[in-house]
Amino acid sequence: MKTYIFPLLVFLNCFYSATAQNRFESVKPEMVYLQTDRNIYIAGDNFSFSLYLKGNSKTMSKYAYLILRNRYNSPVTRVRIEIKDQSSFGNFPLPDTLHSDVYQLVCYTNRMRNEGEDSYFTKEIIILNRFDKKLDRYDSTLYIIPSVNSAITDSVNKSENENLLIRTDKQIYKTREKVNFSIDVGNIKDDSIIKLSVSVSEIIPGRQNEPSITGYFSNSVKMEKDGGPGQNSHRYQTETNWSILDGRIVPVRHSDNQSVSDNKDENVDSLRYTVMISTPDSIANLQYTSTDTSGSFRFLLNPYYEGKELIIRLKENAEAVIDLDDKFKIAKPYIPSELLTGPGIRSYLIRSLKISEVQRYYTEPTETNTREKTEHTLAIPRVYYNPYSRVFPADYLPLPDFVEISRELLPALKVRKINDTYVSSFIDTKNKGIPSIEPIIFLDGVPIDDVSQIVNLGTNEIKRIDLLPVIRYYGEMPLPGIVAVFSKNLEINNIQFKTPTIRYQAISSQSSTKPEHYVPDNNSHVPDLRQVLLWDPEIIMHNKKTLQIECYTSDLRGQYRISVQGLTSGDLPVNGSAIITVKSKSE
C-alpha cells in the first residue's frame, strides 16, 4: 500500500506546484518602460519613443496608454499605442503653443490600472517655447561646453545594471565625422532574439542618469514581491486582442424638481438594460451587450469602430445616464521634481533655443518611415448583408416626406399616425395584409427609436432605403423586420433620441513611425546642428552576434551618450551605454 501512496503524493505535489505556478503567471503584473530619443524638446518638435512591455507572455496586453501632462495636471497629449511582440515605437507632434516648463510622461496598460497609479511608468522631460527667452525657473549658472581633455566621470559614463557591451572605434571625434560602434551581448546566456532601441544624444548638464530598462524592471519586480497596491483587484481586464470599453448606467434621482446623478454603489434597477453601439456609416451596424445588476457593462470593441464617432444608447427607456470609463484619467497629481534644474541647465536651454531657430531656416523637416499597422481580422458588425429590396427615391418623382415615400415606393411598409404619433409596420401578406410588429429602423447605419424621427425626410434628403420585411435574429436579439434609411447629409446628427444616449470618439492607435537615418552631404554648406545624432527604435539583434552601427557627428561640440535599451524574446531586459566627445576640427 505504501508503494502506491508515495508516487501519488509526489504526483499531487507536482500538480499543485504546476497549478500554483500557472495561477501566479495568470495574475503576474505587467510593467512598461519608455525610452525617448532625448529629454529636451522644442514646442512643435516631434516626440519620439520606444516602448517595452514585460509580463505574462500568454496574456500580454495589446495596447498601452501614454499621457503627456503639465505641472497643473492638464493632459497635453493622449495617445494609445498598439503593442506587437512586447514592443512598439512611434512619434507624435508636440503642440507649438506649449509653455517652457517641465512635463511628465505617464505610460501604462489597462491591466496595470489594477495595481494602482504608483505602478505606472513616469518620466520628466523639458519642453521649450521659441518665444520664451528668460526661462526664470532654471538655474542661471553658465553652461560650459566640456573640453576635449575633460574627464568623464563614472556617474555620467555608466548606467546601472548594464549587460550589453558598447564599443566605439574611438572616444574623441571631429565634427561631421562618422562614428562606428558595436553592440555585444556580453554575459547574456539567453539565445533569444533581442529588440533594441538606440539613441545618441547630447548630454544635458547636471542631469542624473535616468533608470535603465534593466534597473527599472528590477525595482518593479522588487516592489511586486514586497506587495503593491491593489494586487488582488481585477476590475480592469487585459486587452489581449481587442480594446475594452467599460461603462455603467447611473440612475438620475429627482429632488426638488432638479435632476442629479447618483454615483453611489446602488443597483440601477431590478431590470437589466441593453446597451447598443453603432457608428454613422453606409451600412447598418451594431454591437450590443447587457448590463449586470449593478448597471455595469463591457464591450470588446470591434476594430471596425476604432477612430470613429460612436453613438452609444440604451434600447430601453430609463431615467439614467451612461457613464463611460476614461482610460486616460489619472487621479494622482504631478509634482515636478528638481532633477532638471541643475547648474548650467538654463544657459544650455537658451543655447538649444538658438539652435532650433537656426534649424528652422536651414533644415528641412525629417522624413519618417511608418511600420505597417497590425492587420486585424476585420469583421464588420453589420446587421444584414443583402436586403429583400432596395429603393433609390431620387429615381422617382419628388415626394415631401417619408409617409408619402412609404405609400408610393415601399408597398411592404405601412406608416400611419396614431394619437399624434407615427408608427410603422410591415404588411403580413400571409395573414390577409394585417400589419405585423413595428420593425427596427436604422438611420445612416444607427438604430433610432421609431419612424417619427425620420417622417420629415423626403426624396431630396434620402439616398437609399433597404427593406427586410422578415423576423431576423442578430445574436440573441430578435429584429421584427428592418428598415434602413441612408440620408445624403448624415441626418443622424440631427436626431434627438428618446432613450439615454451619448456620443463618443473611439480611440485609434498611434502609427509606428521612426525618422530616416541622417545621410551627410559633403558638398552642403548648411549648418548641421543636430543634438540627436541617431535615433533608431527598431533594431533586431540575434544573440551571440556583434551588431555594427554607424552615425555622424554634427557641428555641435560636446559630449554625447550612446544609450541602448531593449528586451529579449525571453523577457530579459538589456541595456548598455557609452560616452563620446565631439570637438571642432581646429582643436
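Worth saying up front: this structure is predicted, and the values here are computed from it rather than measured. Here, residues in each chain are numbered from 1, in the same order as that chain's written sequence. Under the rules for a predicted model, residues below a pLDDT of 70 receive no local features and side-chain atom pairs below 80 are neither given nor counted, while totals for whole chains, interfaces and linings still include all residues. Computation of side-chain values: all heavy atoms of the structure, hydrogens and water removed.

(A) Broad picture of the overall build of the protein chain. For helices the rule is a DSSP run of H or I covering at least 4 residues; for strands it is a run of E covering at least 2, with both sets numbered from the N terminus onward. When its secondary structure is counted, the protein chain shows five helices and 35 strands. Contacts spanning at least 24 positions in sequence make up 76% of the contacts within the protein chain whose residues lie at least 6 apart. Here the protein chain displays about 30200 Å² of accessible surface, and carbon together with sulfur accounts for 50% of that area. Every residue pair with non-hydrogen atoms within 4.5 Å of one another is taken to be in contact. A 1.4 Å probe and the Shrake-Rupley method give the accessible areas. Residues count as covered only by the protein chains that appear here.

(B) Broad picture of unusual backbone geometry. For Gln-86, which is not a glycine, the phi torsion comes out positive at approximately 70°. One can find Gln-86 in the loop between strand 5 (75–82) and strand 6 (87–93). Phi angles above zero are rare outside glycine, and Arg-176 is one such case at about 55°. With respect to the element layout, Arg-176 can be found in the loop between strand 10 (172–174) and strand 11 (178–184).

(C) Focus on the pattern of salt bridges. The salt bridge criterion pairs a side-chain nitrogen of Lys or Arg with a carboxyl oxygen of Asp or Glu, the two atoms within 4 Å. As enumerated under the stated definition, the model contains 26 salt bridges in all. With a closest N to O distance of 3.1 Å, Lys-123 and Glu-210 form a salt bridge. Placement of the pair is Lys-123 in strand 8 (residues 121–128) and Glu-210 in the loop between strand 12 (193–202) and helix 3 (213–226), with a sequence separation of 87 residues. Burial classes follow relative accessibility: with a 1.4 Å probe on protein chains only, a residue under 20% of its type's maximum area counts as buried, one over 50% as exposed, and anything between as partly exposed. Relative accessible area serves as the criterion here: at 7%, Lys-123 is assigned to the buried category. One salt bridge connects Asp-466 with Arg-390, and the closest N-O pair in it is separated by 2.7 Å. Taken together, the residues Asp-466 in strand 27 (residues 462–474) and Arg-390 in strand 21 (residues 389–391) connect sequence positions 76 residues apart.

(D) A look at the nonpolar core. Phe-47, Leu-66, Tyr-108 and Ile-127 are the most contacted members of the largest nonpolar core, which totals 40 residues. A total of six residues in this core trace back to one element, the largest contributor, which is strand 4 (residues 63–69). Throughout, nonpolar core names a set of buried Ala, Val, Leu, Ile, Met, Phe, Trp, Tyr and Cys residues whose side chains join them through atoms within 4.5 Å. Counting residues in each nonpolar core, the second largest holds 29 residues, with Tyr-173, Ile-188, Ile-355 and Leu-533 among its members.

(E) Summary view of the packing of aromatic side chains. The rule is short: rings of Phe, Tyr and Trp, with Trp giving its six-membered ring, pair when the centres are within 6.5 Å, and they are stacked under 30 degrees, edge-to-face over 60, tilted in between. On inspection of all chains with the given rule, the structure shows 15 aromatic pairs. Chaining the aromatic ring pairs together yields one cluster made of Tyr-33, Phe-121, Tyr-216 and Phe-217. By the criterion adopted, a ring carries a charge over it if an Arg CZ or a Lys NZ lies within 6 Å of its centre and within 35 degrees of its normal. If you follow Lys-308 out to its NZ or CZ, it ends over the ring of Tyr-304, 3.6 Å from the centre. Against the face of Phe-486 rests Arg-464, its NZ or CZ located 3.9 Å from the ring centre.

(F) Main features of the sheet that holds strand 11. Read from one edge to the other, the open sheet built from three strands follows the order 9-11-33, with strand pairing classed as antiparallel. The sheet is open, and its two edges are formed by strand 9 (165–168) and strand 33 (547–552), each paired on a single side. Taken over all neighbouring pairs, the strand axes of this sheet differ in orientation by 25° on average, direction set aside. Two strands form a pair only when DSSP identifies at least two bridges running between them. The pairing of strand 11 with strand 33 spans six bridges and is antiparallel. Bridging across to strand 33, Val-179 finds its partner in Cys-551. For helices, the fitted line uses only the C-alpha atoms of the stretch in contact; every axis is such a line through C-alpha atoms, and the angle between N-to-C directions lies from 0 to 180 degrees.

(G) Up close: helix 4 (residues 345–362). What a helix should span is 1.5 Å times the count of its residues minus one. For helix 4, which comprises 18 residues, the first-to-last C-alpha distance of 26 Å matches the rise-based estimate of 26 Å (1.5 Å per residue) to within 8%. Three or more residues of helix 4 are buried, namely Ile-345, Ser-347, Tyr-348, Leu-349, Arg-351, Ser-352, Leu-353, Ile-355 and Ser-356. Residues of helix 4 that are buried make contact with strand 2 (40–42), strand 8 and strand 12.

(H) Structural view of a nonpolar patch on the surface. A contiguous nonpolar patch, built from Val-358, Tyr-361, Tyr-362 and Val-526 and spanning about 430 Å² of accessible area, is present on the exposed surface. Tracing the chain through its elements places Val-358 in helix 4. You can call Val-358 partly exposed: its relative accessible area is 31%. Within the patch definition used here, like charges are joined within 9 Å and nonpolar side chains (Val, Leu, Ile, Met, Phe, Trp, Tyr) within 5 Å, considering only residues with over 30% relative accessible area and no salt bridge.

(I) Seen up close, the confidence of the model for the protein chain. The score called pLDDT rates the predictor's confidence residue by residue, from a low of 0 to a high of 100. Confidence along the protein chain averages 84 in pLDDT terms, with 81% of residues attaining 70 or more. Predicted confidence in the protein chain is weakest over helix 1 (residues 2–26), with a mean pLDDT of 44, and strongest over strand 26 (residues 446–447), with 98. Across residues 264–269, where pLDDT falls below 50, the model places 15 contacts with residues more than four positions away in sequence or in other chains.

(J) Representation of the sheet that holds strand 35 (residues 573–583). If you walk across this open sheet you meet the five strands as 10-35-34-12-32, and the pairing is mixed. Each edge of the open sheet carries a strand with a single partner, namely strand 10 and strand 32 (532–542). With strand direction ignored, the average angle separating the axes of adjacent strands in the sheet is 25°. Two elements, strand 10 and strand 35, share three bridges in a ladder whose sense is parallel. Counted as the bridge partner of Tyr-173 is Val-582 from strand 35.

(K) Focus on the pairing of strand 25 (residues 440–443). Along strand 25, one buried face is formed by Ile-440 and Phe-442 and the opposite face, lined by Ile-441 and Leu-443, is buried too. Note: strand 25 against strand 28 (residues 477–487), four bridges, orientation parallel. Each bridged residue has a counterpart across the sheet, and for Ile-440 the counterpart in strand 28 is Ile-482. Counted between consecutive antiparallel strands, the loop separating strand 25 from strand 26 contains two residues, among which Asp-444 sits at a positive phi close to 55°.

(L) Looking closely at the environment of Ile-172. Mapped onto the elements, Ile-172 comes out in strand 10. With a relative accessible area of 34%, Ile-172 lands in the partly exposed category. As a C-alpha pair, Ile-172 and Ile-579 span 407 residues in sequence and 9.4 Å in three-dimensional space.

(M) Examining the pairing of strand 12 more closely. Across the 10 residues of strand 12, eight count as buried, placing the element largely inside the fold. Across nine bridges, the pairing between strand 12 and strand 34 (residues 558–568) is antiparallel. Bridged to Val-198 within strand 34 is Val-564.

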